[in-house]
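If you want the building blocks of each chain, they are given just below.
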Amino acid sequence: MTVQPFNPTPRTLMGPGPSDVHPQVLQALGKPTIGHLDPQFVAMMDEVKALTQYAFQTENPFTIVVSAPGSAGMETCFVNLVEPGDKVIVCRNGVFGERMRQNVVRVGGEAVMVDDAWGTPVSVEKVEAALKANPDAKFLAFVHAETSTGALSDAKALCALAQQHEVLSIVDAVTSLSGVELKVDEWGIDAIYSGSQKCLSCVPGLAPVSFSAKAVAKLEARQTPVPSWFLDQTLVMGYWSGTGKRSYHHTAPVNSLYAMHEALRLLKAEGLENAWARHRAMHEQLKSGLELLGLDFVVDEASRLPQLNAVYIPQGVDDAAVRSALLERFNLEIGAGLGDLAGKAWRIGLMGHAAREENVLLCLAALREVLN
Ligand code: PLP
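Cut-offs and rules
- Residues numbered from 1 in each chain as written.
- Predicted model: local features only at pLDDT ≥ 70, side-chain atom pairs only at ≥ 80, totals over all residues.
- Axes fitted to C-alpha atoms, helices over the stretch in contact; angles between N-to-C directions.
- Helix = DSSP H or I, 4+ residues; strand = E, 2+ residues; numbered from the N terminus.
- Parallel < 35°, antiparallel > 145°, perpendicular 65-115°, else oblique.
- Left-handed = near helix turned anticlockwise from the far one by under 90°.
- Contact = placed C-beta atoms within 7 Å.
- Nonpolar A, V, L, I, M, F, W, Y, C, P; charged D, E, K, R; others polar.
- pLDDT = per-residue confidence, 0-100.
- Buried ≥ 20, exposed ≤ 12 C-beta atoms within 10 Å, placed from the backbone.
- Pairing = 2+ DSSP bridges.

1. Some points on the packing of helix α5 (residues 124-133) against helix α6 (residues 155-164)
And step 1. Following both chains from N to C, one finds α5 and α6 inclined at 10 degrees, their axes separated by 10 Å at the closest point. The angle between α5 and α6 falls in the class roughly parallel. By crossing handedness, the relation of α5 to α6 is classed as right-handed. The segment α5 lies against α6, with Val-124, Val-127, Glu-128 and Leu-131 engaging Ala-157, Leu-158 and Leu-161.
And step 2. Split by residue class, the contact of α5 with α6 holds six nonpolar, no polar and one charged.

Shown next, in the form of structure tokens:
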């Protein structure tokens with residue numbers, strides 16, 4: 001059998017992630033691999049750390065990039081911070097809140113669920129009631145930007161409640177980071193994770209994570225060992241500490257981290273506020289066009305994510321046939337519905353480098369063609 005080199009057709013990625021990768025990020029990926037303890041690489045890692053702190057708007061010394069996808073960022077928070085018997089208030093308004101619950105259960109924690117309907121944000125009032133009813137809770141966990149529905153929750157208000165009730169907040173920022181306002185220090189977030197493949201427009205497979213001093217203290221005061229060797233941050237800290245000699249923990253994904261460096265450098269050059277404004281402007285343009293096509297949004301305007309536009313599939317339209325036609329005729333990927341919205345909605349992403357006018361226009365024109 002002769003196997004040919006793999007040459008994927010370039011696509012425009014306007015689904016729920018991965019998003020279009022910036023060409024400069026792809027170029028960075030192809031630079032020569034050097035050792036992960038090479039002084040040049042170590043110096044680059046210091047810049048990655050500083051740029052990740054910028055993206056999260058934090059000065060947390062514990063800010064790292066986990067060598068694995070967003071789900072590993074999620075697990076990093078739960079396996080390190082939650083101990084057997086710890087009570088965690090988990091907000092569930094889509095797929096990823098449920099994934100948080102499963103993480104809590106697997107580490108032996110007790111999950112107290114606050115449920116909201118798919119397509120709505122996490123209810124601040126319900127969370128406040130849950131915190132009052134559970135004075136022994138240790139954590140509040142929620143998803144800032146629920147990718148399965150396109151709903152944005154009020155992270156600032158939720159973290160203020162967590163502080164008031166002296167519980168640590170664990171925040172999923174996989175889809176929110178650099179697409180909408182997010183201020184880790186100002187909002188008092190204790191543990192946060194994201195993914196490389198959404199609004200950062202980097203290659204998939206990396207997870208930026210940051211812990212506040214309170215979260216680090218909780219980790220250091222653990223009575224039981226962290227139940228994962230790879231994700232145990234007490235072991236990883238030596239590599240990312242940025243002071244003195246770096247010690248080997250695992251072989252870092254060297255080239256992916258070059259890509260991350262470039263993606264974060266591009267974000268810094270654009271400026272976070274400008275990136276947030278660009279996502280908003282592109283969303284407004286897309287929204288006007290989708291409404292002209294007669295498509296209705298799943299989420300109310302007030303809590304709609306600019307970077308993830310979930311719209312109902314019109315009656316009588318074949319979901320899979322439309323997505324296949326977009327891919328085959330226009331090399332355009334949009335996302336299917338997930339969980340409760342499977343077969344009922346499409347998810348159109350405007351994430352990072354994909355949040356550009358040419359993409360909006362392509363998407364609207366292609367949809368008009370395929371739907372008519
Ligand atoms: N959390 C949210 C909100 C997500 O959207 C995703 C991925 O889509 C994840 C977690 C998991 O990230 P990954 O697929 O990179 O493991």
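2. Regarding the confidence of the model for the protein
And step 1. Of the residues in the protein, 99% reach a pLDDT of 70 or more, and the chain-wide mean stands at 96.
And step 2. Among the prediction metrics, the complex's ipTM stands at 0.99, with pTM recorded as 0.97.

3. Section: the pairing of strand β10 (residues 207-211)
And step 1. Here β10 lies mainly inside the structure; five of its five residues are buried.
And step 2. The two faces of β10 match: Ala-207, Val-209 and Phe-211 on one face and Pro-208 and Ser-210 on the other face are all buried.
And step 3. With four bridges joining them, strand β2 (residues 63-66) and β10 adopt antiparallel strand pairing. Counted as the bridge partner of Val-66 is Ala-207 from β10.
And step 4. The pairing of strand β9 (residues 191-193) with β10 spans three bridges and is classified as antiparallel. Following the sheet pairing, Ala-191 is matched in β10 by Phe-211.

4. Quick look at the sheet that holds strand β12 (residues 332-336)
And step 1. Here we have four strands laid out as an open sheet, ordered β1-β12-β13-β11, and mixed in their pairing. This sheet does not close on itself; its edge strands, each paired only once, are β1 (12-14) and β11 (308-312). On average, adjacent strands in this sheet sit at an angle of 30 degrees to one another, irrespective of strand direction.
And step 2. When β1 meets β12, the two strands line up parallel, connected through three bridges. Counted as the bridge partner of Met-14 is Ile-334 from β12.
And step 3. The sheet strands contacting helix α13 (residues 357-371) are β1, β12 and β13 (345-349), and the helix crosses β1 at an angle near 85 degrees.

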